[in-house]
Amino acid sequence: MKRVLVMPRSLRLTRRPAMLLGMTLGVVLAGFTAAAHAADTVKIGHVAALSGPSAQSGEAITRGLSVAIDEINAAGGILGGRQIELVQRDDESKPPKGLIAARELIFKEKVAAFLGGIDSPVSLAIVPLANQNKVPFMGVWAAATPITRNSADPNYVFRVSAVDALVDVKLLKYANGKFGARKAGLMLINNPWGESNEKGLVAADKENGNIEIVGIEKFENNDVDMVPQLTRLKQAGADVIVLVVNAPPGAQMMKSRERMGWNVPVVSHWGISGGRFPELAGPTAGDAHFVQTYSFFGKQGPAGERLLAALKKKYPAIKGPEDVFSPVGTANAYDAMHLLAKAIDAAGSTDGDAIRKSLENMQGSYQGLIKTYSKPFSKGNHDALGPDDYIMVRYVGNTITPVE
Amino acid sequence: MSLRALLLSAAVTALLVVAIFNANGYELYVLSLVGLTAIVGIGLNVLLGLTGQISLGQVGFYAIGAYTVGILTTNHGVSFWPALLLAAVVAAIAGVALSIPALRVRGPYLAMVTIAFAFVIEQSAAEWRGLTGGWNGLMGIPTPGLAEFSFAEREIALLVLFLTAAMTYLYARLSRSPWGKAMRAIRDSEVAGQSIGLNPMLVRTMAFALSALTAGVAGGVFASMSGFISPESFPFFESILFLLVVMIGGAERVLGPLVGAVIVVLLPEFLSALAEYRLLLVGALLLVVLRLAPGGIVGLLARPFEKPAAGTSPQSKRDIVEFLSSRRGGQTLSASRLRIAFGGVRAVDDVSFDARPGEVTSVIGPNGAGKTTVLNLIGGFYDPEQGSIRLGDRDVARLASHKVARAGIARTYQTTQLFEHMSVLDNVMIGLRQGRLGAGSLVRPDERPADLDLAESLLAFVGYDGALDQSAGALAHVDKRLVEIARALATHPSALLLDEPAAGLNAADTARLGELVRQMAELGLVVILVEHDMRLVMSVSDRVVVLDAGRKIADGTAAEVRADPVVVNAYLGEEQSSAKPRPAGSTATGGEVLSVSDLRAAYGAAPVLTDIDLHVDNGELVAVLGANGAGKSTLMRALSGLHRPVQGRVCLLGREIQNYAAHRIADAGVVLVPEGRQVFPELSVVDNIRLGAFCRSAPDLGNEVEAMLERFPRLRERRRQRAGLLSGGEQQMLALARGLIARPKLLMLDEPSLGLAPHLIQELYATLAELRDEGMTILLVDQMAGLALGVADRAFVLESGAIVHGGPAAEIRDQQGLEKAYLGELHGTAP
Amino acid sequence: MLIPSALITGFGLGSMYGLLALGFYVTYSVSNTVNFAQGSTMMLGAVLCFTFWVTLGWPVWLAVLLALLACALWGVVVERVAVRPFVVRGSNAWLMATVALGIVVENVVLFTFGKDPRGMPPSFLTSEAFFVAGIKVQALQLMIPIVGLSIAVGLHLFSRRTKYGKALLAVVQNPDAAQLMGINIVAAVLLAFAMSGLFAGIAGILIAPLFTISSTMGTLFGIKAFAVAILGGIGNAWGVMAAGLIYGLAEALITALLGSTYTQILTFALVILALAIRPNGLFGQASVQKV
């Protein structure tokens, strides 16, 4: 090589900048501590992916939260008339960023409680922090089992969303019941969420005598071609594929499956509903049957009608249910926000411990979007949704259609 | 450390301590993160700032440190402090391991190796589940503690503050220690570093190990601080941020990484309310800082405070005579039957000579004779294919060059190879170590009074009278030469090799240099001098070895060699030339094509051309003569636009072209056939010729190329061959053809006969005479004065960058001064 | 069946890496610099093509043409904004500057194009398929290596057969002498960057139907392509293309034979190993050192 990388360099060491550095730091710290704290609103935090490839999921959650907050505030707020204020921070789908964002919400913004996003790794990283500092953390999407089952006592982490361990049981049962499949090949995203489901599926496999796992393959978010992995599963004799991944790489999996001309049924976790799966996956998008907590298609209950109308009004791009992208994010967030608001109101304060206790002992029933919740949480169970709340669906065109 | 610096640091530290006691959990975490990022930056600064090597793999070491602490404290019950120590050790070992492939590669290759390393570490952390917890990572990593007391955010922030301050202090110490200086030396000139005995591999490996170690420490604290790590805590992007920390702050600066970390970590936090737009802003800001503050923020802020070098000039404080003559004296350096070939050409062929202590042995010869190659063989830069080199009883041939240097052979270089970004004093100080740095002196500043005195005395001895704290890159040309000699002497050598030390020096400086050379020999050193300045050679040499085309053609005293007709012929070329002078009566048609007035050019601070006035008329052939180093080639480069900027005026047919870039000058019709032919080696002969006509539209180029092949029949036979495979003579023909096809208004030739066999030179000059008679305007530079004068109408003689004679060719030829200008006067003292 | 299908996959991906890496090659050989954010240029190609064709509904040929033109122009912008100012100063901060520019363009795309990954509508390229040795091969899978190799051949012919191509070679081989021929080196470098952008654009448009289109689609591709360029010895077009194929095949074969767990670890470890053994790349040549 002719040129060697040589860095520009300076000639002399000088200590003068120490002074400037000190001054800068002083100003910085002054800025930190001067953060004002408005006392008349109740701050609710939200850490989610607002940029990056999963940004749409964050947007979907934001929509659900915003509509719910609008409704609550319009009805007079909580704790005797205090309005709810949403404070959002981006985690870029990166756990360390999520940790910093959560710290900022807890220590600087002093939120009463905060909600999570789609990325299980980020939520898993935040869990210990929430428990340490006694600030309730509500998951609305990330499904990794240990998020709520984290062995902390007391546990400040709640969830209105699916739980991997339960979803995994459902997926295997469905594959066997619907398609008569007996040999499952797993296609899992190579990240903590995939790993959580690998554990869950293996455990579910032990429980279920009708179906066995014959191969476990992983792939990366940016993989273009998954034919080699699929070929390995095919050779292992798989007669159904169990898919755990978000929409874009999930679509890559579907395209690879199409390309190799293998018409094997696909049963998927709900990640693939997080984006424009039909557009990304192309003609075979409908072959994948997947889990949802809610569908905006078909006959809606009162909450569904109300939410759809509010969404259409607030977001003009939404003309009908087909425009509600990542519907689970919006649906879970909507219900979670209402549950949280009721709990805070019932607790009578924004103290974390009080809110936790109030969530664990909710009185009466609340008619939500996904279902009617009565005592959604208890000390031993921090998941509001269970296997009976999951529905299996598939895409028909751009429409998510129940198949059960 | 000065008192003021101490007070300032104490003040800043106190301010931070106060801040830490007033901050909330989030602020403490962010502050700690700033500190940890700064620590990684400090380590990277050793690599990037001191040794000039890039690493995009720092996050890998950071991860190794974090996982070491995480695994040991979480799963094995080891307490934090021993775990942190082990993290540092493991990371350092990884650094040394990575340096094995990393040191074999440079530039973008090095960047790639480190990128790949970062990916391998990240992926391994994800896949080695039994150890690392896989993608779920390690949770519940205990915080550090002392006895029963467990650290909370505040104590951790204090710990990080302490570590950051300690690392900054250690970096400041390191950068002034022998190791730090050796790192800078290797960065500025690896070759020169080796020639003072430094082992570049060792120095770079140390830098890698240190940078890995600091990253490991920071990673270890990070694991404990965040309580949770997973592969996603260490994405590749983090490596880019670490690099940014150093570059934005200011590479090599002590405070650079601190300022960089403050910006890189805090900025996104301040922008956190902007959430999704902040990456955009960070990217844009980065671009702005890189553009506007090339030395980093610290460089920018420090600039107004930087004092110009104002130190005193060196005083002789130690007895240099005693120092230099105390070395195991009296060892003869003998080269025997040396041979080396490059690409089939024997650059040095069966050369033997002895150089005795107390004598100046000069190696001379025309350009391309193999003189510098002989020095490179002795200095260990090349391994001879055959032959031996002995210093006293020891065979030093085929030793690595830093070992040759340690054995007692020091050298200087044709183009000075100083450590340009170090001070004059440090250049000599690092030479004093003779390559032995010592593990104990890693953070001990290299400031022993005895050494400082010695270095200063050496500088005084060689006659350097500038400031000691002057940066070497900013020195005047002559001072660079002197400092380089002082540095060589600092290694306490038995033998000193000087490669064209007088090149570019004026007569007075050359004379002083001559005295210095004699003085050094009289102290009992073996002095080997390669030099073009014959006046110098003839006046100082006890013995002269003459090389031509790689072979020794003469060996004897200066007087013997001076009188040897073989030598004279080798230098001046055959007088009788088959090229005819211009037929009487047919003079040039007149009209100025090129006129040059007050032209000045310099390399850096060193002036090379001063006040050149010359003109070339239409149809004339004008020769520029002069010894090597007189500035002939620079003149050609200045006229053709390759050397910029120049002062003065250069007019082509009345149009000023001194500010034109080279391609526009070519387009304007001034075509240079450069020294060394410079054909495009991978292109065919025909393609080379066709490129000559690049600037003009030539609808009938095929036929024109044919016409060229007519003129140069040798090229016709090889028209489809790659030009790199042609012989020297054929390449010269090709270069000429390539120049001619441009239909130049002025054709310039730089040393066309260089390295050609005599019959080819005849052929070439016959062609030049032909062109002249066809009416081509030609400006010719050639060392073969006899030949050039044979075909020229007029000639100028250049000496030390100025025109000393000018007139009709016949007049110049008859002057006795010419031979003197080339071969020098015997034992004449220069004015 | 495992091996042949892996070969098809590897060949397609490999020629994609090779194509992108050729972009590193052209600029590096002419100017010793590269656009480190080559992946973002690739993304730009795919995003613009999608926008012109699908969002704006322009004819596909026009969309492709305009997208490629924009990529070439972007290459020029990168050179002027993030490379030249630093090279002139003798600094190698261009490396970071191109990264910074990449971050900027990725985020601008994020806000203009949308956070939502998009997919190219199906076309005959993905719907047409035929069988080779019992393995289904889509037309696009065949087209990628064909285009990749055609460009390598085209680059070769351009540089060997045309005046400007030869001028570019001349700049590579001897910049000083090239200036003496009247060749404008600054323009040559700009041209190289334009070509580099063009190749990245082509790669982006070709990969788009196989992949999903988003602002971050190019990042990992860019890094792998850089590995390929380095592995091939960056100064050698055929070497770079061959290294691309080797890299793609290695990835696919490791996945097929050992499982996907080890793909990235092994491919990057192989890069380190290869460079440790051959410091100038698999097909590069050492340069002679001089003092």
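Residues numbered from 1 in each chain as written. Chains lettered and ligands numbered in written order. Predicted model: local features only at pLDDT ≥ 70, side-chain atom pairs only at ≥ 80, totals over all residues. Heavy atoms only, no water.

### Side note on the overall build of chain B
- When helices and strands are tallied, chain B shows 34 helices and 24 strands.
- By its C-alpha atoms, chain B is 105 × 70 × 50 Å across when sized along the principal axes.
- Accessible surface, chain B: about 29200 Å² in total, of which carbon and sulfur atoms supply 56%.
- In chain B, 71 positive and 79 negative side-chain charges are present, and the distance between their average locations comes to 3 Å. (Helix = DSSP H or I, 4+ residues; strand = E, 2+ residues; numbered from the N terminus. Areas by Shrake-Rupley, 256 points an atom, 1.4 Å probe, with all protein chains shown as cover. Lys, Arg positive; Asp, Glu negative; His and termini not counted. Charge placed at Lys NZ, Arg CZ, Asp CG, Glu CD.)

### Here's the deal with the domain arrangement of chain B
- Under the domain assignment, chain B is made up of domain 1 (3-257) and domain 2 (594-821).
- Summarising the inter-unit geometry, the C-alpha centres of domain 1 of chain B and domain 2 of chain B are found 56 Å apart. (Domains from an automatic or database assignment.)

### Some words on the interface of chain C and chain B
- Counting residues at the interface gives 61 residues for chain C, matched by 64 residues for chain B.
- Taken together, chain C and chain B are joined by two salt bridges.
- Residue Asp 176 of chain C pairs with Arg 637 of chain B through a salt bridge whose shortest N-O separation is 3.3 Å.
- In this assembly, chain C and chain B are joined by 10 residue pairs in polar contact (both at pLDDT 80 or more).
- For the side of chain C that touches chain B, the secondary-structure elements that each account for two or more residues are helix H3 (60-88), helix H4 (94-113), helix H7 (163-173), helix H8 (175-180), helix H10 (219-231) and helix H12 (263-277) of chain C.
- With 11 residues, the single largest contributor to the side of chain C that touches chain B is H4 of chain C.
- Its residues assigned to classes, the side of chain C that touches chain B comprises 41 nonpolar, 13 polar and seven charged. (Contact = heavy atoms within 4.5 Å. Salt bridge = Lys/Arg side-chain N within 4 Å of Asp/Glu carboxyl O. Polar contact = N/O pair within 3.5 Å; in protein donor to acceptor, adjacent residues only side chain to side chain. Nonpolar A, V, L, I, M, F, W, Y, C, P; charged D, E, K, R; others polar.)

### Structural notes on the pairing of strand E7 (residues 212-219) of chain A
Residues and elements named next belong to chain A.
- The sheet contact formed by strand E6 (residues 183-189) and E7 spans seven bridges and is parallel. Paired with Ala 184 across the two strands is Ile 213, which belongs to E7.
- In this view, the connection linking E6 to its parallel neighbour E7 by way of helix H6 (residues 192-207) has right-handed handedness. (Pairing = 2+ DSSP bridges. Right-handed = clockwise from strand over helix to strand, strands pointing away.)

### Some remarks on empty space enclosed by the protein
- Within this structure, the stated rule accounts for nine cavities of 30 Å³ or more.
- Approximately 520 Å³ is the volume found for the second largest cavity.
- Taken together, 29 residues make up the lining of the second largest cavity; nearest its centre are Lys 97 of chain A together with Glu 238, Leu 241, Val 264 and Val 265 of chain B.
- Broken down by secondary-structure element, the contributors of at least two residues to the lining of the second largest cavity are helix H3 (95-108) of chain A together with helix H2 (25-50), helix H11 (236-249), helix H12 (256-270) and helix H13 (278-292) of chain B.
- Here the lining of the second largest cavity is built from residues that sort into 20 nonpolar, two polar and seven charged. (1 Å grid on protein atoms, 1.4 Å probe; cavity = no way out; pocket = protein on both sides within 12 Å on 5 of 7 lines; lining within 4 Å. Points joined across faces, edges and corners; volume = space filled by probe spheres on them.)

### Topic: the interface of chain A and chain C
- Between chain A and chain C, the residue contacts involve 41 residues of the former and 45 residues of the latter.
- Taking both partners together, chain A and chain C bury about 3600 Å²; carbon and sulfur atoms supply 53% of that area.
- At the boundary of chain A with chain C, the tally comes to one salt bridge.
- For the pair chain A and chain C, the interface holds 11 residue pairs in polar contact (both at pLDDT 80 or more).
- Secondary structure elements with two or more residues in the side of chain A that touches chain C: helix H2 (55-74), E7, helix H7 (227-235), helix H8 (247-259) and helix H9 (277-281) of chain A.
- The greatest single-element share of the side of chain A that touches chain C, amounting to seven residues, is contributed by H7 of chain A.
- Considering only residue class, the side of chain A that touches chain C consists of 16 nonpolar, 10 polar and 15 charged. (Buried area = accessible area lost by both parts, 1.4 Å probe.)

### Some remarks on the confidence of the model for chain B
- Scored by pLDDT, chain B has a mean of 86; 93% of the residues are at 70 or more.
- Note that residues 825-831 of chain B has pLDDT below 50 and, in this model, 15 contacts with residues that lie over four places away or in other chains. (pLDDT = per-residue confidence, 0-100.)

### A look at unusual backbone geometry
- In the segment running from Asp 153 of chain A into Pro 154 of chain A, the intervening peptide bond is cis, with an omega of 0°.
- In the Ramachandran plot, Leu 79 of chain A falls in the positive-phi region, its phi being about 50° despite a non-glycine side chain.
- Relative to the helices and strands, Leu 79 of chain A is located in the loop between H2 and strand E2 (83-90).
- Using a relative accessible area of 18% as the deciding quantity, one classes Leu 79 of chain A as buried.
- Look at Arg 398 of chain B: it is not a glycine, yet its phi comes out positive at around 70°.
- Residue classification places Arg 398 of chain B among the partly exposed positions, given a relative accessible area of 41%. (Buried < 20%, exposed > 50% of the residue type's maximum accessible area, 1.4 Å probe, protein only.)

### Considering the side chain of Ser 40 of chain C
Residue and element names in this part refer to chain C.
- Turning to its location among the elements, Ser 40 is positioned in helix H2 (residues 38-55).
- Classification of Ser 40 as buried rests on a relative accessible area of 2%.
- With residues near it in sequence (within four places) discarded, Ser 40 still touches Gly 102, Val 105 and Glu 106.

### Re the sheet that holds strand E20 (residues 670-673) of chain B
Residues and elements named next belong to chain B.
- The sheet built from six strands is open, its strands ordered E20-E21-E22-E17-E23-E24 with mixed pairing. Looking along the sheet, the strands with just one partner apiece sit at the ends: E20 and strand E24 (802-808). Each strand of the sheet is rotated relative to its neighbour by a mean of 15°, with strand direction disregarded.
- By the bridge criterion, four bridges tie E20 to strand E21 (residues 746-750) in an arrangement that is parallel. Counterpart to Leu 672 in the pairing with E21 is Met 748. (Axes fitted to C-alpha atoms, helices over the stretch in contact; angles between N-to-C directions.)

### A few points about the nonpolar core
- Counting 311 residues, the largest nonpolar core has Phe 114 of chain A, Met 112, Ile 528, Leu 599 and Leu 779 of chain B together with Leu 22 of chain C as the members making the most contacts within it.
- No other element matches the 15 residues that H2 of chain B contributes to this core.
- Contact partners of Phe 114 of chain A, with chain neighbours within four places excluded, come to Gly 45, His 46, Val 47, Ala 102, Leu 105, Ile 106, Ile 126, Ala 130, Val 135, Pro 136, Phe 137 and Met 138 of chain A.
- Formed by 106 residues, the second largest nonpolar core is a distinct cluster that contains Met 187, Leu 359, Leu 369 and Tyr 395 of chain A. (Core = buried A, V, L, I, M, F, W, Y, C linked by side-chain atoms within 4.5 Å.)

### A closer look at the environment of Ala 60 of chain A
Residues and elements named next belong to chain A.
- Tracing the sequence through the fold places Ala 60 in helix H2.
- Accessibility expressed as a relative area gives 0% for Ala 60, which makes it buried.
- When the C-alpha positions of Ala 60 and Asp 345 are compared, they lie 25 Å apart, and in sequence the two are 285 residues distant.

### Section: a nonpolar patch on the surface
- A contiguous nonpolar surface patch, about 520 Å² in accessible area, is contributed by Ile 3, Leu 7, Leu 257, Leu 258, Tyr 262 and Leu 266 of chain C.
- By secondary structure assignment, the location of Leu 266 of chain C is in helix H12. (Patch = residues over 30% accessible without salt bridge, like charges linked within 9 Å, V, L, I, M, F, W, Y side chains within 5 Å.)

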